[in-house]
Amino acid sequence: MIKIPSFLVPGALCLLSGAALWACAPKNPAPEPSSQAVSQAVTEAVSQSPSKAPSQTLAEASSQAPAEAFQPFAAAPELVSDGPDQAEYRLFSSLDINGDGQEDQVMVQQLPGSDGYTTDIRVTLRSGNHEDASLQTAGVYGITDAFLMQVSPQKAFLYVESLSDNDYRYLDIFDLEGDSPVHVGTCQDAFYGNAPTDPTDFLLSDRVDLFSTYNAYRHFSAGENGMPVPDSGLYAGGISVTAKQDIPAFQGSQLDEPCTVPAGARLTIILTDNENFADMTDETGQVYRFRVDGSGQWPRTINGIDIMEYFDGLIFAG
């Protein structure tokens, strides 16, 4: 079962860490959700119910994909040390990855990088009676996890999570359909311990920094080329803050009715687009939307006032 970070509802604490190096952006900007949509998102997160699979994915082809197709390193039957550098082969259980009726094996090797302090990733596909086919790509500071996603009988992708600067993580995606592995691309969203169980709906996290710097998550699916495709551009999860003074905000069913949040209100960030707004709840469950003055502007302001003057508990990291 997917481990879903809890929302920071009153009385709950969500600890999220990290970000990463390269981006896999949403296909289209997400529309701002209504209060009803926000409430539904909160309900889904708290109940740990995966959201509906996006339409432009392999959902139709992989609706019967077995949970056994996901093979983390922890389930690998063989770990082999290779010389003084302790390069590790991590061998996935045998599966018929390409649908040719013969067992295939996928091996992931962590190798010292040419600079002496980073690492490279080597993926080797052993298919039937064919010779081993390998692909090597640059990593950063070591592999942290990997999952083999067999999205259909003839299609499989390997997601390798690696460590980057400041303990951030990122993904390398490999296509295993042919005779040799193909490096599809990299993604700044990563698992951070949330093991996938369904290629049409899994959680990845990334750093956000509109109202504080922290990690938040989105639902993803494996796209046609293997790259993770987000359900939307909205990030769930957040931290708790306190209003230092009265703050202008919006409420109502569409979160478009002006209101004032009183000083002293304890608020929890539950949703943000990481560009223009953040939705927060108070201790009664009332949802408010706080809009900043202009996307990408620094310092962040609301009606021309620095948000650091409005909220106690905001923390930004470089």
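Structural notes, computed from the coordinates.

Conventions used here
Chains are numbered independently. Their residues run from 1 in the order of the written sequence. With the structure being a predicted model, the display of local features is reserved for residues of pLDDT at least 70 and the display and counting of side-chain atom pairs for 80 or more, all residues being used for whole-chain, interface and lining totals. Excluded from the side-chain calculation are hydrogens and water; included are all heavy atoms of the structure. Numbering of helices and strands runs from the N terminus, with a helix taken as a DSSP run of H or I at least four residues long and a strand as a DSSP run of E at least two residues long. Under the scheme applied here, a residue whose accessible area is under 20% of the maximum for its type counts as buried, over 50% as exposed, and between as partly exposed, the area being computed with a 1.4 Å probe on protein chains only. Throughout, a contact is declared for two residues whenever any of their heavy atoms are within 4.5 Å. Two strands are counted as paired when DSSP detects at least two bridges linking them. One speaks of a salt bridge when a side-chain nitrogen belonging to Lys or Arg is within 4 Å of a carboxyl oxygen belonging to Asp or Glu. The definition of a nonpolar core used throughout is a set of buried Ala, Val, Leu, Ile, Met, Phe, Trp, Tyr and Cys residues joined through side-chain atoms within 4.5 Å.

### Describing the overall build of the protein
- When helices and strands are tallied, the protein shows 2 helices and 22 strands.
- Across the 318 residues of the protein, 50% fall into the buried class.
- Excluding contacts between residues fewer than 6 apart, the proportion of contacts in the protein whose partners are at least 24 apart in sequence is 52%.

### Quick look at the pairing of strand 15 (residues 247-251)
- Alignment of strand 15 against strand 16 (residues 257-261), held across 5 bridges, turns out to be antiparallel. Residue Gln251 lies in a different strand from strand 16, and its bridge partner there is Glu257.
- The antiparallel pairing of strand 15 with strand 16 creates a hairpin that spans 5 residues between the two strands, and Gly252 there sits at a positive phi of about 100°.

### Section: the pairing of strand 8 (residues 169-175)
- The buried count for strand 8 comes to 6 of 7 residues, which makes it a mostly enclosed element.
- Relative to strand 8, strand 7 (residues 155-163) runs antiparallel, the two being bridged by 7 bridges. Paired with Tyr159 across the bridge in strand 8 is Ile173.
- Hairpin connection, strand 7 to strand 8: the antiparallel pair is bridged by 5 residues, and Asn166 has positive phi, about 60°.
- With 5 bridges connecting them, strand 8 and strand 9 (residues 182-187) associate as antiparallel partners. Bridge pairing in strand 9 places Asp175 opposite Val182.
- From the end of strand 8 to the start of strand 9, which pair antiparallel, there are 6 residues.

### A few points about the pattern of salt bridges
- Evaluated as defined, the whole model comprises 6 salt bridges.
- Notably, a salt bridge pairs Lys155 with Glu177, separated by 2.5 Å at the nearest N-O pair. Remark: Glu177 occurs in the loop between strand 8 and strand 9 and Lys155 occurs in strand 7; sequence separation between them is 22 residues.
- In this structure, the salt-bridge partner of Asp189 is Arg218, at a minimum N-O distance of 3.3 Å. One end of the pair, Asp189, is in the loop between strand 9 and strand 10 (202-208); the other, Arg218, is in strand 11 (residues 214-222), with 29 residues separating them in the sequence.

### Digging into unusual backbone geometry
- For Leu255, which is not glycine, the phi torsion reads 50° and is therefore positive.
- Tracing the backbone shows Leu255 in the loop between strand 15 and strand 16.
- Exposure remark for Leu255: the relative accessible area of 0% places this residue in the buried category.
- Located in the positive-phi region is Asn303, a residue other than glycine, with phi close to 55°.
- Following the sequence through the fold, Asn303 ends up in the loop between strand 20 (301-302) and strand 21 (305-306).

### Examining the nonpolar core
- In terms of nonpolar packing, the biggest core is built from 25 residues, with Phe211, Leu267, Met280, Phe290, Ile302 and Phe311 touching the most fellow members.
- Of all the elements in the fold, those that place two or more residues in this core are strand 11, strand 14 (240-243), strand 15, strand 16, strand 17 (266-272), strand 18 (277-281), strand 19 (287-291) and helix 2 (307-310).
- When sequence neighbours within four positions are dropped, the list of residues in contact with Ile302 reads Phe211, Ile247, Pro248, Phe290, Arg291, Val292, Asp293, Ile307, Tyr310 and Phe311.
- Judged by nonpolar contacts, the second largest core, of 17 residues, contains Val151, Ile173, Cys187 and Ala190.

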